[in-house]
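The residues making up each chain are set out below.
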Amino acid sequence: MVRRGMAAHQQQHDVQKPAQARISVTSSDSEGKEGLRRQFSSLLKERGWLLAAAFAAMLVLHLAGGGSLLVLVAAILVFLAVAMVVPVRKAELGVAARAAPGSNSGFTAESLAAAVADPLIVFDQRGVVVLANPAALGAFGDVDPGISLPLKFRTPEMQQLIGRALETGERAVSAEYSERVPIERNYLVSCTAIGGTSLFVMVFKDQSESRRIDRMRADFIANASHELRTPLASIAGFIETLRGPAKDDAGAREQFLQIMQNQTSRMARLINDLLSLSRLEMRALRMGGAKVDLRAVIDSVVDSLQPLASDSGVDIENRIGEARMEVAGDRDELYQVFENLIENACKYGRSGGKVVISAASKKIGPAEEISVEVRDFGPGIAEEHIPRVTERFYRIDGNGSLKGTGLGLAIVKHIVTRHRGRLVISSSLGEGSAFTVHLPAE
Amino acid sequence: MTAVLSHHIVSAYDDELKSLTLRIAAMGGHAERMVDLALSALIHADLALARKVIADDAILDEAQREIDTQTISMITRRQPLADDLREIVGAIRISADLERVGDLGKNIAKRAFVVGHSLDRMSAIRGLEALVDLALTQLKDVLDVYASRSVERLVAVRDRDEQIDAIYTSLFRELLTYMMEDPRNITPCTHLLFCAKNIERIGDHATNIAETIYYIVTGEQLPLNRPKEDRSHVVTVEPHSPA
């Protein structure tokens, strides 16, 4: 029923702004042709009354003067030819002028909306989306024309905002909109009627950054103080022993200093990981950014991890073929994903002797998805731990092994989620584990 | 999409159907908000927030009653057929599921009073957060599909329901371990166990809603093998086992 309503609605609206709404979906090539055709036909339309008037005048002349039919036909043909040529040339000129730099005419609502960096949605007096700019599609996904806004933005504040905008008409109204999942985001949303139409525009200002900084500070202090307390306590204990009972024991001193060094380097790693996670959370979600070739990323990760792998006695088998695997996103972040996964596989799956990286792509509905699997043949992860290993500081052995900081997979999951992907973990004890990253293909 | 124009002779009928979907969406928004706030009330021992969540449940109850009244009156007056009938029956079912989600949220908020500050730093809290994130994502995705009607997205729902069950089972085990370690943990952990169960149930209601939406749009049952049940009924933790 909603679909039906949408269809009806779109037809109504197409009367008002037909071509633009469609153009935004076509590719740039056909856009050009379409534009040319449109301009040509509109010029013809413009000239229609002129043509008609000329024909009428000729006919009147012919009837009044009683001239030869042949002359009339020839005159009409010549006139028609001239009339057709003139608009064509004008149309070409028009296109050229538009393409020339510095020209300020002929932009559409779509191109204007696309130039706005904030999410922007135009909707009609029934609350149905007429136009959503790329930023809005990137931020909210399903806001294509025809979607009912109050169905998509369901928070009580947004329901009220849309209701008030539709009621009051002219005045601008604003509200806060926040989403907790999949990634926490906060927006200040303002809604204004577009003068001279029955349409409204809704603009989202991202407020996430300031909120994130606040949260980051609180989280960082809580996490850091908790996680640093254990190694600090152990170092303090060793210092006490070194100054007291083990004062003159050279063997114990060496051993204790070694442990203390391990603890301090673990603390350093922990702080690095915490900072890296906090930075990730702070940075605004920038989707639809650059294209990243996953194959190149993985190749360079594998190269950089070769020394670690050979130290651990692990062979990294890269079974990714020559296929191009492009996704939209941030190269450095994706690098970190595969670095963490492959490093983990080398560390925890060392007993298996090899790590295999493979890739696949498949269609899900209209979209294509690329998946990359990092598989080790180590001891595996017990079933009850699998769903939780991506939680911060979750440790399988319960009391903090020295191997990791407990943040590596949390970072991986965070990055994959903000790339609109999924991390799937499968494992069975004694056979090894597979970490699969699914990302939407570009 | 067969672009049928407003095909009902009485256009008020279309308006009624539209207002029904709007009501469902508003209920969904309230339910999502309640679950989110209930967990943060629990984690931060924010009792004022907990009271607000408990009071908000009345809104959902009221909304469900209104939808009941509206749908009954539509069925008697309009005698809907085919997709209109599915839309109306679907609304009844979804509103019942959402009302239950609200109840479960309210129940979590209530436990904030008992649990209080007694579980600082317990890693179970992170587990609960992960669980509620999944359940809320589930609910959000499903309600987004109610708006967009792109039912092919519902397939991901099954994956996530399995994850929810797996985390729930793991949390169950963890909480039992805490209780075993120190009897003083028993009270807060028992309440957390109920919270985890409630969140897991919220995921199930989201799955129900997914099935209803699929039925509304296609007229067929969602072809997903229902996920395995959670395995907490077979979890045992031996006393004095190394945690």
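Computed from a predicted structure; not experimentally measured. (Residues numbered from 1 in each chain as written. Chains lettered and ligands numbered in written order. Predicted model: local features only at pLDDT ≥ 70, side-chain atom pairs only at ≥ 80, totals over all residues. Heavy atoms only, no water.)

If you tally the helices and strands in chain B, you get 6 helices and 0 strands. Helices and strands in chain B line up, N terminus first, as α-α-α-α-α-α. Pairs at least 24 apart in sequence give 83% of the contacts found in chain B among residues at least 6 apart. For chain B, the computed accessible surface area is about 10700 Å², with 55% contributed by carbon and sulfur atoms. (Helix = DSSP H or I, 4+ residues; strand = E, 2+ residues; numbered from the N terminus. Contact = heavy atoms within 4.5 Å. Areas by Shrake-Rupley, 256 points an atom, 1.4 Å probe, with all protein chains shown as cover.)

What follows deals with the pattern of salt bridges. If charged atoms from side chains of opposite charge come close, those side chains can pair. Enumeration according to the criterion identifies 31 salt bridges over all chains in this entry. One salt bridge in this structure joins B:Glu32 and A:Arg154, with 3.0 Å as the shortest N-O distance. Remark: A:Arg154 occurs in the loop between helix H7 (149–152) and helix H8 (156–168) and B:Glu32 occurs in helix H1 (residues 11–43); the pair is interchain, linking two chains. You can call B:Glu32 buried: its relative accessible area is 14%. Note on A:Arg154: relative accessible area 4%, which makes it buried. Between B:Glu174 and A:Arg388 there is a salt bridge, with the nearest N and O atoms lying 2.2 Å from each other. (Salt bridge = Lys/Arg side-chain N within 4 Å of Asp/Glu carboxyl O. Buried < 20%, exposed > 50% of the residue type's maximum accessible area, 1.4 Å probe, protein only.)

Residue and element names in this part refer to chain A. Strand order in the open sheet made by the 5 strands is E2-E1-E5-E4-E3, with antiparallel pairing throughout. Pairing within the sheet leaves two strands with one partner each, and these edge strands are strand E2 (129–132) and strand E3 (173–179). On average, each strand axis in the sheet is tilted by 25° relative to the strand beside it, whichever way the strands run. For E3 and strand E4 (residues 185–193), the ladder comprises 7 bridges, and the chain directions are antiparallel. (Pairing = 2+ DSSP bridges. Axes fitted to C-alpha atoms, helices over the stretch in contact; angles between N-to-C directions.)

What follows is about the sheet that holds strand E10 (residues 367–376) of chain A. All names here are of chain A. Read from one edge to the other, the open sheet built from 5 strands follows the order E7-E9-E10-E12-E11, with strand pairing classed as mixed. Here the strands that pair on one side only, and so sit at the sheet edges, are strand E7 (315–318) and strand E11 (422–428). Geometrically, the sheet is characterised by an average inter-axis angle of 20° between neighbouring strands, direction not taken into account. With 10 bridges connecting them, strand E9 (residues 354–364) and E10 associate as antiparallel partners.

Residue and element names in this part refer to chain B. Per-residue confidence for chain B gives a mean pLDDT of 85; residues scoring 70 or more make up 86%. In the model, residues 1–6 has pLDDT below 50 throughout and makes 9 contacts with residues more than four positions away in sequence or in other chains. With pTM at 0.67, the complex prediction returns an ipTM value of 0.82. (pLDDT = per-residue confidence, 0-100.)

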